[in-house]
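Overview (structure and organization)
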Amino acid sequence: MTSNQNRKLKIKNILLPWLDVLAITAWGILIIRYWLTERLNLLIHPDYFWLVILGAIGFLIVGVFKAVQLWQTRQRYEVPNVQHISLFPPGWGSALLLTTSVLGFIITPQVFASQTALDRGVTELIGATRTQPQAFRATVKPEERSLIDWVRTLNVYPEPDAYTGQKVKVQGFVIHAPEMDKNHLFLARFVITCCAADVYPVGLPVKLSENRDQFPPDTWLEVEGQMVTEIVLGKRQLTIAANTLKKIPQPKNPYSY
């Protein structure tokens, strides 16, 4: 057997199994790291944390078991000279998994921004969103409703005049819709139902007594005011007439459910 053949056998019989171990273990560590650093909520709905964490623990168990098995059977052995038909070289799948896990350690997950909300048509979703309608709770004061609560309320009863004059205090990030004038901005949040791949934006227009340029896109605000009905983007819309706007830090969990 030539030296080139021996080298190929060494790669196939020794290095490739360890590549599998590294890929599986790295993904388990990465998921646990996201969980411990409170970044998992940027990728997965909290209802599915337990499933993802169990999967990560499973990866670690398999990785450790496979590593022990390989360590205990450290001897060179020959394999039959069988021609395998494959579109990809051996180990490419594990190499891809290992590469993506390494990128996960290097690149920090980011919250979706206002441009993503515009690209996904947030201004077209007012009063016609995918949020689940919720039953009315008479004991909840209007000013205690969150932004997503207001959108859900509109889904149940979309007539804006029904809410005129009601107090409001909500939090969200700023969007500058190109079609809006300088005295209006859009306050929005993303809703996550399963994972980051299915997030979608919801929100409401805000009427300002000043120019919106001092509140750049993606700035997080707490807005207090009252509800009014206005023509926004060519439609009658429930609008927040802001009395006070306070800049706030981005919440640890920026998504709504």
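Look above for the structure.
Residues numbered from 1 in each chain as written. Predicted model: local features only at pLDDT ≥ 70, side-chain atom pairs only at ≥ 80, totals over all residues. Heavy atoms only, no water.

Brief notes about unusual backbone geometry
Notably, glutamate 38 is not glycine yet its phi reads approximately 60 degrees, a positive angle. Accessibility expressed as a relative area gives 48% for glutamate 38, which makes it partly exposed. You will see that leucine 233, though not glycine, has its phi angle at about 55 degrees, which is positive. The residue leucine 233 is located in the loop between β4 (220-232) and β5 (235-247) in this model. Residue class for leucine 233 comes out partly exposed when judged on its relative accessible area of 33%. (Buried < 20%, exposed > 50% of the residue type's maximum accessible area, 1.4 Å probe, protein only. Helix = DSSP H or I, 4+ residues; strand = E, 2+ residues; numbered from the N terminus.)

Focus on the nonpolar core
In summary, soluble globular proteins display a tendency toward joint burial of nonpolar side chains. Ranked by internal contacts, the top residues of the largest apolar core, which has 20 residues, are Trp150, Val206, Val223, Met227 and Ile240. Breaking this core down by element, the ones donating at least two residues are α5 (147-156), β1 (167-175), β2 (184-191), β3 (200-207), β4 and β5. Sort the elements by how many residues they give to this core and β5 lands first, with four residues. The residues touching valine 223, leaving out its near neighbours within four places in the chain, are Val168, Lys169, Val170, Leu187, Val206, Ile240, Ala242, Thr244 and Leu245. In terms of nonpolar packing, the next biggest core, distinct from the first, is built from 16 residues, Ile175, Val199, Trp220 and Val232 among them. (Core = buried A, V, L, I, M, F, W, Y, C linked by side-chain atoms within 4.5 Å. Contact = heavy atoms within 4.5 Å.)

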